[in-house]
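# Chains, contacts and geometry: an overview
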Amino acid sequence: MVQAVAPNLVAAVSEARQWDRLMEMAAIGAIPGDSPEDRGVNRPCLSPEDRQARRLIIGWAEQIGLAVSVDQLGNLFFRHEGTEAGAAPVVSGSHMDSQPKGGRFDGIYGVIAAFEAVQALREAGVATRRPIEVVAWTNEEGGRFAPGCMGSMAYAGYAPPNTWDGIRDNAGISWADALAEHQAAEADITRRPLGVVEGQTPHAYVEAHIEQGPVLEQKGLDVGVVTGIQGSRWFSVEIRGRSDHAGTTPLSVRRDAMQDAIRAITALNTLMRDPTDVLRFTVARMEVFPNASNSVADLVRFSIDFRHPDNAVLQARGNAIEGVIQAALTTCTATLSERFHATPAQFAPLVTDAVQRAAEAQGLGWLRMPSGAFHDAQFMVPLCPTGMIFVPCRNGVSHNPAEYSTAPQLAAGTRVLAQVLAELANG
Ligand SMILES: [Zn+2]
């Protein structure tokens, strides 16, 4: 029979406190949705709203005596000390930034849940041998500055911290300038070195998150024991032609970038065909120049978001994209650049088994499942044993103001997280 590790700890997780904190956070950058009852969030990374949200949680951390620190990428840490000096920490958290039309739970739930779990540990008087660090990673969404996951990538050494300095948001502000402004605004917060501190590679990393898909809700389950994350590749395509007068220039002599972009996307749809419906292929951002209805387009830029759980497919079809585009063009030229490349990640049994054990011990319905979305956890995989906990969300909707999970659903995930953190921090 499975025993709960610490029933008093599980009982100390406060559903109401966690919900109230989520709603207080959701008021920062609040936006309406398509239906009157939907309330979403627009909290771009490194924005004034982002900083306001961070100040709010920093205030809570100071109230309960957690040490606050921030690294050069703006990753924010709250540290609960362990009983053994020098023991490697267990790290848990997620992100606080949102999509432009985002929901109230994506990311922020994982930060608030880790915070609630640590507060419950402290209130229940459960000592841990290892320290526990709650983390809020910078720019997971990539909504303002692409790609996403910059904070966790830099922390894990996946990319040097200056990799994205020249990337600009839609207002033309560079990442380097936005980060410098942000650092100045948080100059009063203790600085910590970027990445693993003093050789203390984390003992484990656990991230709680809403599922962002319909599976748990459809099956009536409480918790997803996440087994891994599918791989993602993001590309940016530029099709260059020539601008001409729409009334005077015969079609036969045009070099119409829009028409060749359509041919390229049609050919890519054929390349990405998948009878098993596992592959994900999305073109969702397009810029047209000069973007005038009576001028032939001389430049079209579009994005490609391609994902698959099988690395062989991710590599083979991803590498075929450029050739397929070139073959589809009639009069224009194309350039392709890869903006983001994350190979599929497998989570560690140390964490996945602990999540499953905690869910069983608490009498919850659980399912081992992969993640279709990428998460900061992906970049922690090479560094330390890593895993995630999913909770259901209504109709699987996310990146949308209609995103919703109930207070009891969110609290169930946090109780599992609390038990997992206690177990890992004593292991
Ligand atoms: Zn997220």
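None of these values were measured; they are calculated from a predicted model.

## Some points on the packing of helix α10 (residues 349–361) against helix α12 (residues 407–425)
- Contact pair α10 / α12: the axes reach a minimum separation of 9 Å and the direction vectors enclose 130°. By the angle between their directions, the pair α10 and α12 is classed as oblique. For α10 against α12, the interelement crossing comes out right-handed. Packed against α10, whose contacting residues are Leu 350, Val 351, Ala 354, Val 355, Arg 357, Ala 358, Ala 359 and Ala 361, the element α12 presents Val 416, Gln 419, Val 420, Glu 423 and Leu 424 at the interface.

## Topic: the nonpolar core
- Ranked by size, the top nonpolar core spans 66 residues in total, and within it Leu 9, Met 25, Ile 57, Phe 78, Val 416 and Leu 417 carry the most contacts.
- Among the nonpolar cores identified, the runner-up in size contains 35 residues, and Val 91, Tyr 155, Tyr 205 and Phe 390 belong to it.

## Structural notes on the coordination of the zinc ion
- Distances from the zinc ion to its protein donors, His 95 (NE2), Asp 106 (OD) and His 209 (NE2), fall within 2.0 to 2.2 Å.
- All donor residues of the zinc ion come from one chain, and their arrangement in sequence is H-x10-D-x102-H. Pair noted here: Asp 106 is in the loop between β5 (90–95) and α4 (108–123) and His 209 is in strand β7 (residues 204–210), with a separation of 103 residues, a long-range link. Of the two residues, Asp 106 and His 209, both sit in the buried class.

## Description of the domain arrangement of the protein
- Here the protein is described as being made up of domain 1 (7–230 + 345–425) and domain 2 (233–342).
- Between the C-alpha centres of domain 1 and domain 2 the distance comes to 34 Å.
- The interface is formed by 13 residues belonging to domain 1 together with eleven residues belonging to domain 2.
- With both sides pooled, the region where domain 1 packs onto domain 2 buries about 940 Å², and carbon together with sulfur makes up 58% of that total.
- Interface area lost by domain 1 to domain 2 is led by Pro 147, Gln 230 and Phe 374, which between them contribute 54%.
- Where domain 1 touches domain 2, the interface holds zero salt bridges.
- Taken together, domain 1 and domain 2 are joined by two residue pairs in polar contact (both at pLDDT 80 or more).

## Considerations on the packing of aromatic side chains
- Following the criterion strictly, the structure yields 15 aromatic pairs and no others.
- Ring geometry for Tyr 158 and Phe 379: centres 4.9 Å apart, planes at 75°, overall edge-to-face. Here Tyr 158, found in the loop between α5 (150–155) and α6 (175–185), pairs with Phe 379, found in helix α11 (residues 377–380); they are 221 residues apart in sequence, far enough to count as distant.
- Classification of Phe 379 as buried rests on a relative accessible area of 3%.
- A connected cluster of aromatic rings, assembled from ring pairs, spans Tyr 158, Trp 234, Phe 340, Phe 374 and Phe 379.
- The cationic tip of Arg 21 hangs over the ring face of Trp 60; the distance from NZ or CZ to the ring centre is 4.9 Å.

## Observations concerning the UniProt feature "domain: Peptidase M20 dimerisation" (unreviewed entry) in the protein
- According to UniProt, the positions carrying the feature "domain: Peptidase M20 dimerisation" (unreviewed entry) are residues 228–327.
- For the annotated span residues 228–327, helix accounts for 32% and strand for 29% of the residues, and the straight-line distance between the end C-alpha atoms is 35 Å.

## Describing the side chain of Ser 94
- Among the structural elements, Ser 94 can be located in strand β5.
- A distance of 2.7 Å separates a polar atom in the side chain of Ser 94 from a polar atom in the side chain of Glu 207.
- In contact with Ser 94, not counting residues within four places along its chain, are Gly 107, Gly 110, Val 111, Val 135, Ala 136, Trp 137, Tyr 205, Glu 207, Ala 208, His 209 and Asp 376.

Cut-offs applied
Residues numbered from 1 in each chain as written. Predicted model: local features only at pLDDT ≥ 70, side-chain atom pairs only at ≥ 80, totals over all residues. Heavy atoms only, no water. Axes fitted to C-alpha atoms, helices over the stretch in contact; angles between N-to-C directions. Helix = DSSP H or I, 4+ residues; strand = E, 2+ residues; numbered from the N terminus. Parallel < 35°, antiparallel > 145°, perpendicular 65-115°, else oblique. Left-handed = near helix turned anticlockwise from the far one by under 90°. Contact = heavy atoms within 4.5 Å. Core = buried A, V, L, I, M, F, W, Y, C linked by side-chain atoms within 4.5 Å. Buried < 20%, exposed > 50% of the residue type's maximum accessible area, 1.4 Å probe, protein only. Donors = N, O, S within 2.8 Å, 3.2 Å for Na, K, Ca; no water. Domains from an automatic or database assignment. Buried area = accessible area lost by both parts, 1.4 Å probe. Salt bridge = Lys/Arg side-chain N within 4 Å of Asp/Glu carboxyl O. Polar contact = N/O pair within 3.5 Å; in protein donor to acceptor, adjacent residues only side chain to side chain. Phe/Tyr/Trp six-rings, centres within 6.5 Å; stacked < 30°, edge-to-face > 60°. Lys NZ or Arg CZ within 6 Å of the ring centre and 35° of its normal. UniProt positions renumbered as here; feature names shortened; annotations may be inferred.

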